[in-house]
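The primary structure of each chain is shown beneath.
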Amino acid sequence: MKTTRLLPLAALLLAGSAFAGDHRYTLSPAYVAECGSCHVAYPPALLTAPAWATTMQGLGKHFGSDASLDAKTHREISDWLQTQASTRDKHAVSGKTPRLTESTWFHKEHLNLSLPEKTTSIAQCNACHTRAEQGDFGEGSLKSNRR
Amino acid sequence: MTVTKSLSPIAALLLASLVASAHAQAPARTPVDFQATLLAEARQANPAFKAFSAERGQTFFTATHGNDWSCSTCHTRNPAQAGAHDKTKKPIDALAPSANPRRFTDAAKVDKWFRRNCKDVLARECTAEEKGDLLTYLLTVKP
């Protein structure tokens, strides 16, 4: 009796975290504040741990911008990214400035798409994923599905 | 005895959270506070320095400084308006305090973005004089 009453609660708690398959990602407040200021805070589980480490080491020259952080925030976000990173090969990328938009998985998922007007790069996730800012990339929040 | 014993952990907890919140929230600052700090810095660097100029600030804001970007590339030529990041197109709230009361109220945030954006635009940090001129200009901008 007790267990059955607990189950809905457990489900509710789990719904808040990255759920394999439903494409919702938990984002830490520090990550959103610092890594969501110039662009949408990218889902941490779409790149591998080494790629995030490379990204964090290069923040002084980050895609042509200075995105450097103070030491404390840098460590906090680096550590958090390492716990959230993907362990799968399909999310691995090479290169000095890793782009999650260059993984095998991303290419496969985004084949033959044309960018909406005023969108200059596929990295502007929120141009199509209307709830990207909340970490929600489920099909229900795709722009074409909303029309 | 038992009372004090059971109370003290709670008191310690309350105290700890008070200290923590006081720590997390740096003293509230206003744009005018920043202006005063910058003036002191500018005079320290150059004892002959008189006063900031909104006109110089506006010129600085809209000019390029040897690279492609000016401050106005992302913040627009009208700082009372929302801008957008030149590369990512993400919207940026207005920079003028009259249009956006959260601007120039958080020292860590102000320092961080001056450092970053000046490096991106001027390939160096901005001087106190440049920052003060700019802020003086922003304070003249009406919403």
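In this report, we go over the structure that sits alongside the text. (Residues numbered from 1 in each chain as written. Chains lettered and ligands numbered in written order. Predicted model: local features only at pLDDT ≥ 70, side-chain atom pairs only at ≥ 80, totals over all residues. Heavy atoms only, no water.)

What to know about the overall build of chain A
- Scanning chain A from terminus to terminus reveals six helices and zero strands.
- Taken over 147 residues, chain A has a buried fraction of 37%.
- Long-range pairs, those at least 24 residues apart, make up 52% of the contacts in chain A between residues at least 6 apart in sequence.
- For chain A, the computed accessible surface area is about 9400 Å², with 57% contributed by carbon and sulfur atoms. (Helix = DSSP H or I, 4+ residues; strand = E, 2+ residues; numbered from the N terminus. Buried < 20%, exposed > 50% of the residue type's maximum accessible area, 1.4 Å probe, protein only. Contact = heavy atoms within 4.5 Å. Areas by Shrake-Rupley, 256 points an atom, 1.4 Å probe, with all protein chains shown as cover.)

What to know about the state of the cysteines
- Under the criterion given, the structure shown has one disulfide over all chains.
- Each sulfur of the disulfide joining Cys 118 of chain B and Cys 126 of chain B lies 1.9 Å from the other. The sign of the S-S torsion, about -95°, decides the handedness of the disulfide formed by Cys 118 of chain B and Cys 126 of chain B: left-handed.
- Relative accessible area serves as the criterion here: at 5%, Cys 118 of chain B is assigned to the buried category.
- With no disulfide of its own, Cys 38 of chain A has Cys 74 of chain B as its nearest cysteine by sulfur position, at a separation of 8.2 Å.
- Judged by its relative accessible area of 22%, Cys 38 of chain A is partly exposed.
- With no disulfide partner, Cys 71 of chain B has as its closest neighbouring cysteine sulfur the one in Cys 118 of chain B, 6.6 Å distant. (Disulfide = S-S within 2.5 Å.)

Examining the nonpolar core
- By size, the foremost hydrophobic cluster in this structure holds 27 residues, and its most contacted members are Tyr 31, Tyr 42, Ile 77 and Leu 81 of chain A.
- Among residues more than four places away in sequence, those in contact with Ile 77 of chain A are Ala 30, Tyr 31, Glu 34, Cys 35, Met 56 and Leu 69 of chain A.
- Counting 25 residues, the second-largest nonpolar core is a separate cluster that includes Leu 38, Ala 42, Val 121 and Leu 122 of chain B. (Core = buried A, V, L, I, M, F, W, Y, C linked by side-chain atoms within 4.5 Å.)

Considerations on the packing of helix H3 (residues 54–62) of chain B against helix H6 (residues 128–140) of chain B
Residue and element names in this part refer to chain B.
- Between H3 and H6, the shortest axis-to-axis distance is 7 Å and the interhelical angle comes to 100°. The angle between H3 and H6 falls in the class roughly perpendicular. For the pair H3 and H6, contact is made by Ala 54, Arg 56, Gly 57, Gln 58, Phe 60 and Phe 61 and by Glu 130, Asp 133, Leu 134, Thr 136, Tyr 137 and Thr 140, respectively.
- Residue classes in the contact of H3 with H6 are distributed as five nonpolar, four polar and three charged. (Axes fitted to C-alpha atoms, helices over the stretch in contact; angles between N-to-C directions. Parallel < 35°, antiparallel > 145°, perpendicular 65-115°, else oblique. Nonpolar A, V, L, I, M, F, W, Y, C, P; charged D, E, K, R; others polar.)

Topic: the interface of chain B and chain A
- Contacts between the two partners involve twelve residues from chain B, matched on the other side by 17 residues from chain A.
- Where chain B abuts chain A, roughly 1200 Å² becomes buried across the two surfaces, and 39% of that area is made up of carbon and sulfur atoms.
- Inspection of the region where chain B meets chain A yields four salt bridges.
- Taking the shortest distance from any N to any O, the salt bridge between Glu 34 of chain A and Arg 116 of chain B comes out at 3.9 Å.
- Taken together, the connections running from chain B to chain A amount to ten residue pairs in polar contact (both at pLDDT 80 or more). (Buried area = accessible area lost by both parts, 1.4 Å probe. Salt bridge = Lys/Arg side-chain N within 4 Å of Asp/Glu carboxyl O. Polar contact = N/O pair within 3.5 Å; in protein donor to acceptor, adjacent residues only side chain to side chain.)

Comments concerning the pattern of salt bridges
- Inspection of the entire model under this criterion finds eight salt bridges over all chains.
- Taking the shortest distance from any N to any O, the salt bridge between Lys 119 of chain B and Asp 66 of chain A comes out at 3.8 Å. Of the two residues, Lys 119 of chain B is situated in helix H5 (residues 107–122) and Asp 66 of chain A in the loop between helix H3 (49–57) and helix H4 (71–84); the pairing between them involves two chains.
- For Asp 66 of chain A, a relative accessible area of 8% puts it in the buried group.

As for the packing of aromatic side chains
All names here are of chain B.
- A full pass over the atoms with the stated rule returns seven aromatic pairs over all chains.
- With a centroid separation of 6.3 Å and 55° between ring planes, the pair formed by Phe 104 and Phe 114 is classed as tilted. One end of the pair, Phe 104, is in the loop between strand S2 (91–92) and H5; the other, Phe 114, is in helix H5, with ten residues separating them in the sequence. Both residues of the pair, Phe 104 and Phe 114, belong to the buried class.
- Feature note: the residues Phe 34, Phe 104 and Phe 114 constitute an aromatic cluster, connected by ring pairs.
- Above the plane of the ring of Trp 113 lies Arg 116, whose end atom (NZ or CZ) is 4.6 Å from the centre. (Phe/Tyr/Trp six-rings, centres within 6.5 Å; stacked < 30°, edge-to-face > 60°. Lys NZ or Arg CZ within 6 Å of the ring centre and 35° of its normal.)

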